[in-house]
Amino acid sequence: MKSLINNPTNNKTTFNQYLIKACRDSVSGASLANLLINIAECTKKIAALTSKGKLVRSVENVGATNVQGEIQINLDVLSNELFVSSLKQSGLVSGLVSEELDDAYLIDEVGNGNKFLVVFDPLDGSSNVDVNVSVGSIFSIYKDNLGSLDFLEPGNAQIAAGYALYGPCTMLVITLGHGVQGFTLDTETQEFVLTHSNIRIPETTSDFSINSSNERHWEAPVQRYIDSCKAGVTGVRGRDFNMRWVASMVADVHRILMRGGVYLYPYDNKQPTKAGRLRLLYEANPMSFIVEQAGGKSSTGRKRVLDIKPDEIHQRVPVIMGARLEVSLIELYHSEFDSTQPKEKDSIAPKQSEFTKSS
Ligand code: MN
Ligand code: MN
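Cut-offs applied
- Once a new chain begins, its residue numbering starts again from 1 and follows that chain's sequence as written.
- Chain labels run from A onward and ligand labels from 1 onward, assigned in the order the entries are written.
- Given that the model is predicted, a residue must reach a pLDDT of at least 70 before its local features are reported, and side-chain atom pairs must reach 80 or more before they are shown or counted; all residues, however, enter totals for whole chains, interfaces and linings.
- Neither water nor hydrogens contribute to the side-chain values; these are computed over all heavy atoms in the structure.
- Metal sites are built from N, O and S donor atoms within 2.8 Å, or 3.2 Å for Na, K and Ca, and they leave out water, so they may look incomplete.
- Strands here are runs of E lasting at least two residues and helices are runs of H or I lasting at least four, both read from the DSSP assignment and numbered beginning at the N terminus.
- We call a residue buried when its accessible area falls under 20% of the maximum for its residue type, exposed when it is over 50%, and partly exposed in between, using a 1.4 Å probe and counting protein chains only.
- Note on contacts: a residue pair qualifies if any of its non-hydrogen atoms lie within 4.5 Å across the two residues.
- As used in this structure description, the phrase polar contact means that two N or O atoms lie within 3.5 Å; if the pair is within protein, one of them must be able to donate a hydrogen and the other to accept it, and residues adjacent in sequence are counted only when both atoms belong to side chains.
- Residue-level confidence of the predictor, termed pLDDT, takes values from 0 up to 100.

A. Summary view of the coordination of the manganese ion (ligand 1). The coordination sphere of the manganese ion (ligand 1) contains the protein donors D121 (OD), D124 (OD) and E283 (OE), at a distance range of 2.0 to 2.2 Å. Positions of the donor residues of the manganese ion (ligand 1), expressed as sequence spacing, correspond to D-x2-D-x158-E. The distance between the manganese ion (ligand 1) and the manganese ion (ligand 2) comes to 3.7 Å, with D121 serving as a donor to both metals. Placement of the pair is D124 in strand β3 (residues 116–124) and E283 in helix α7 (residues 280–293), with a sequence separation of 159 residues. Accessibility expressed as a relative area gives 4% for D124, which makes it buried. Judged by its relative accessible area of 2%, E283 falls in the buried class.

Dropping the structure here:
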């Protein structure tokens, strides 16, 4: 037994072993596996950085603002640099899009059909770093089809997606389009080990996750859904619900993958010109791919997220994801609401086109 304790990875599948098997049958399998190993190495470095907290801030904040106008703190910048340099060095990527970069970063001058495009949020929920609450990295991989360097493909063209969660332990959760696997970082061997195979989201739930301080700005169907949850046993749902909100998308969606639930960052009219809060390419799409692969559903309330054709790389989108039957119910509330709205220009129901416009 002693050897088992000293070597907790005994008889366990490592991330690399999993990839060798999982990528065996696809044409670009070996290079995809190598790319994913590259990204996993990068997340280990970010895990080490975030675990140092304030101790890592030997360099002063650069004070620059990113494209969404948020103040960048050092760890965002450092995490972004780690991603960019490791993807460049891999030789497998022809271009990338990052939350931290205004424009797409082209590694090759012309595209390369044998290579990949990677889009990522290097540090999600980064304001949580200051209060020592979980953060993560989110990434999504596309084939650089025909070498077109086209980042505006819908999310249904993703060939792989994943996230790292830097919590009490570091986890890497990925999909290659055949289910969802979760790996835990063994800090002694620095190896990701398969600990959660074939993660599934129960189709129904009594947990919801939303920033309810925005309640007065929500659309009627979202208000109706949350009201029905809060009414508990005395309401139409006939049971009590729990609310959970970490304010870090990776952590909130991870909880849903582990425990079930539904996560909403819906359209609201706080800033009516913004289609939503979350970014389509490197937040909504990879998480939607993972949630669907775990048997869940992901929608704007009116449309499947993965079917949206992006107009621009930093586009925002409303997101409702998680338990399949709950998301379907919320979609039904939207369609019932829309059917009662006048079709004239003064309709308060946002038109579908507004959800695919840049903000
Ligand atoms: Mn983010
Ligand atoms: Mn971020």
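B. Expanded view of the environment of D108. Considering the arrangement of structural elements, one finds D108 in the loop between β2 (105–106) and β3. The exposure class assigned to D108 is buried, which follows from its relative accessible area of 16%. It is 9.6 Å that separates the C-alpha atoms of D108 and G91, two residues lying 17 residues apart in sequence. In this structure, D108 is in contact with V93, S94, K115 and L149, ignoring residues within four places of it in sequence. In terms of polar contacts, D108 uses its side chain to reach the side chain of K115, at 3.1 Å.

C. Spotlight on the coordination of the manganese ion (ligand 2). Around the manganese ion (ligand 2), the protein supplies E99 (OE), D121 (OD) and L123 (O) as donor atoms, at distances of 2.0 to 2.3 Å. Overall, the relative accessible area of 1% leaves D121 in the buried class.

D. Structural view of the confidence of the model for the protein chain. Confidence in the prediction for the protein chain averages 89 pLDDT; 88% of positions are at 70 or higher. For the stretch residues 58–64, pLDDT sits under 50, and the model shows 9 contacts to residues farther than four places along the chain or on other chains.

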